[in-house]
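# Structural overview for review
Single-letter residue listing:
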Amino acid sequence: SDEQSSAEILAMKGFREVIYGRGDKAAPLLERALSRVYDSRREMLAQGVDVRGLTISTKNAPNIWILTMSYSLLAEAYLQQARYDKVLECVEAFRFYRPEFPVSYLFESLALYAEGRLDEADSSYERSVALSADGGKNSDRIRRSYVRKFCIDNPSLDVCSRKF
């Protein structure tokens, strides 16, 4: 449909902005992409259903590719903007569709590190590594990069005293 292809185009534009570190430009594109596709989680929330901890079979989820890609990219765009509460919202939405995808745990850990919730962050990071096909090599590189940025922006964060 036209809405579907429009959503895919917006998501790809959002992807480009995330890659170039322009989370402020990526987020609105990705939010618009998500608004143009059917999202069963969003529908359930609108009906007052508590979806925390729920997952859906991806076999039955229309638009699974656009939903998971957009929520994942949106989480990264929010990380780039230091909007950690929004990162955690995206992670929850992403996991509704793909509960065992390592990137969601990595992004969650980064937001939690920035919020000073180190034990929770460590747990999420370890889960990310356990689920990663590469044994966490990319996760480690990404974690170091983001923690370095957090500590430049706010050197008093608890995570800044750690050695990774």
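Scope of this entry: the structure provided in the associated data block. (Residues numbered from 1 in each chain as written. Predicted model: local features only at pLDDT ≥ 70, side-chain atom pairs only at ≥ 80, totals over all residues. Heavy atoms only, no water.)

### Structural notes on the overall build of the protein
Looking only at helices and strands, the protein features 8 helices and 0 strands. Counting from the amino terminus, helix and strand elements in the protein follow one another as α-α-α-α-α-α-α-α. What you see for the protein is a C-alpha radius of gyration of 16 Å, in line with the 15 Å of a compact globule of 164 residues. If you take every contact in the protein between residues at least 6 apart in sequence, the share linking residues at least 24 apart comes to 61%. Of the side-chain charges in the protein, 24 are positive and 24 negative, and the distance between the mean point of each set is 5 Å. (Helix = DSSP H or I, 4+ residues; strand = E, 2+ residues; numbered from the N terminus. Rg over C-alpha atoms; globule rule 2.2 N^0.38 Å. Contact = heavy atoms within 4.5 Å. Lys, Arg positive; Asp, Glu negative; His and termini not counted. Charge placed at Lys NZ, Arg CZ, Asp CG, Glu CD.)

### A look at helix α2 (residues 23–35)
For α2, which comprises 13 residues, the first-to-last C-alpha distance of 18 Å matches the rise-based estimate of 18 Å (1.5 Å per residue) to within 8%. Residues of α2 that are buried: G23, A26, A27, L29, L30, A33 and L34. (Expected span 1.5 Å × (residues − 1). Buried < 20%, exposed > 50% of the residue type's maximum accessible area, 1.4 Å probe, protein only.)

### Topic: the environment of L74
You can see L74 is positioned in helix α4 (residues 64–80). When the C-alpha atoms of L74 and L30 are compared, they prove to be 6.1 Å apart, with 44 residues separating the residues in sequence. Here L74 is in contact with A27, L30, E31, L34 and C90, once residues within four sequence places are set aside.

### A short note on the pattern of salt bridges
For the structure shown, the criterion picks out 14 salt bridges. For E17, the salt bridge goes to R22, with nearest N and O atoms at 2.4 Å. Residue class for E17 comes out buried when judged on its relative accessible area of 7%. Among the salt bridges present, the one from D140 reaches R143, with a minimum N-O distance of 3.6 Å. Placement of both D140 and R143 in helix α8 (residues 137–153) is noted, with a separation of 3 residues, approximately one turn of the helix. Considered together, D140 and R143 belong to a single accessibility category, that of buried residues. (Salt bridge = Lys/Arg side-chain N within 4 Å of Asp/Glu carboxyl O.)

### Things to note about the packing of α4 against helix α5 (residues 84–97)
The angle between the axes and the distance between the axes are what describe a pair of packed helices. α5 packs onto α4 with a crossing angle of 160° between their chain directions and a minimal axis gap of 8 Å. By the angle between their directions, the pair α4 and α5 is classed as roughly antiparallel. As for how α4 packs across α5, the hand of that crossing is left-handed. The residues of α5 that touch α4, namely those facing I64, L67, T68, Y71, S72, L74, A75, Y78 and L79, are Y84, K86, V87, C90, A93, F94 and Y97. Class assignment for the residues of the contact of α4 with α5 results in 13 nonpolar, 2 polar and 1 charged. (Axes fitted to C-alpha atoms, helices over the stretch in contact; angles between N-to-C directions. Parallel < 35°, antiparallel > 145°, perpendicular 65-115°, else oblique. Left-handed = near helix turned anticlockwise from the far one by under 90°. Nonpolar A, V, L, I, M, F, W, Y, C, P; charged D, E, K, R; others polar.)

### Side note on a nonpolar patch on the surface
Together, M12, F15, I19, Y20 and W65 make up a nonpolar patch on the protein surface, roughly 560 Å² of accessible area in all. Broken down by element, the nonpolar patch gets its largest block of residues, 3 residues, from helix α1 (residues 2–19). Residue F15 is classed as partly exposed on the basis of its relative accessible area of 36%. (Patch = residues over 30% accessible without salt bridge, like charges linked within 9 Å, V, L, I, M, F, W, Y side chains within 5 Å. Areas by Shrake-Rupley, 256 points an atom, 1.4 Å probe, with all protein chains shown as cover.)

### Considerations on the packing of α2 against α4
α4 packs onto α2 with a crossing angle of 155° between their chain directions and a minimal axis gap of 9 Å. Taken together, the axes of α2 and α4 lie roughly antiparallel to each other. The handedness of the crossing between α2 and α4 is left-handed. For the pair α2 and α4, the contacting residues are G23, A26, A27, L30, E31, A33 and L34 in the first and L67, S70, Y71, L73, L74, A77, Y78 and Q80 in the second. Its residues assigned to classes, the contact of α2 with α4 shows 11 nonpolar, 3 polar and 1 charged.

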